Amino acid sequence: QVQLVESGGGLGQPGGSLSVSCLASTSIFGVLIMGWYRQAPGKQRERVAVITTGGTSGYADTVKGRFTISRDNAKNTVYLQMNSLKPEDTAIYYCNAHYDKDYWGKGILVTVSS
C-alpha cells in the first residue's frame, strides 16, 4: 500500500513562486514513478509533471520552463517547485504514485491571485 500526503501550496501572486511536497508512506518509494496532477474548477484533471525512478522528468507544455519536479528517495518525498505563477495555475494539485496501480493523495489547493 502507498499513502500520499500533500503539503505546501496556498496563495501565491502572479509571477511569484510556491512549492508543494508529497510524503509517501511506503517502503517501495524508490521504485515508484511519481507525478503531480491538477484539476481546476470545471476542468478535467491533467498531468503536470512526472519523475521516474531514475530521476528523468517530464512536463506539460503549460508548465514547462516554470515548474520543476524533484524527488528525495531518502525522505520518501516528491516536490513541485512552481515559479512564474499564472492565475491559470490555480487548481487542486494531486500527488500521484504509480507502481502496480495508481495511488493518489487527497490534493492541496494552490491559488494564484493578486
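Relevant structure appears above.
Residues numbered from 1 in each chain as written. Predicted model: local features only at pLDDT ≥ 70, side-chain atom pairs only at ≥ 80, totals over all residues. Heavy atoms only, no water.

Caption draft 1: Spatial organisation of the nonpolar core. Counting residues in each nonpolar core, the largest one holds 30 residues, and the members touching the most others are L4, M34, W36, L80, M82 and Y93. Secondary-structure elements contributing two or more residues to this core are β3 (18-25), β4 (33-39), β5 (46-51), β7 (67-72), β8 (77-82), β9 (91-98) and β11 (108-112). In this view, L80 contacts L18, S19, V20, W36, V48, A49, F67, T68, I69 and Y93; residues no more than four positions away in its chain are not counted. (Core = buried A, V, L, I, M, F, W, Y, C linked by side-chain atoms within 4.5 Å. Buried < 20%, exposed > 50% of the residue type's maximum accessible area, 1.4 Å probe, protein only. Helix = DSSP H or I, 4+ residues; strand = E, 2+ residues; numbered from the N terminus. Contact = heavy atoms within 4.5 Å.)

Caption draft 2: Here's a closer look at the pattern of salt bridges. Scanning all chains against the criterion turns up four salt bridges. Notably, a salt bridge pairs D89 with R38, separated by 2.9 Å at the nearest N-O pair. Of this pair, D89 sits in the loop between β8 and β9 while R38 sits in strand β4, and the two are 51 residues apart along the sequence. With respect to class, D89 is no different from R38; both count as buried. K64 is the partner of D61 in a salt bridge, and the nearest nitrogen-oxygen pair spans 3.2 Å. The exposure class of D61 is exposed, given its relative accessible area of 68%. (Salt bridge = Lys/Arg side-chain N within 4 Å of Asp/Glu carboxyl O.)

Caption draft 3: Highlighting the state of the cysteines. The final tally for this structure, using the stated rule, is one disulfide. The disulfide partner of C22 is C95, and the S-S distance across this bridge is 2.1 Å. As the torsion about the S-S bond is roughly -85 degrees, the C22-C95 disulfide counts as left-handed. In this pair, C22 sits in strand β3 while C95 sits in strand β9, placing the two residues 73 residues apart along the sequence. On the basis of relative accessible area, C22 is assigned to the buried category, the value being 0%. (Disulfide = S-S within 2.5 Å.)

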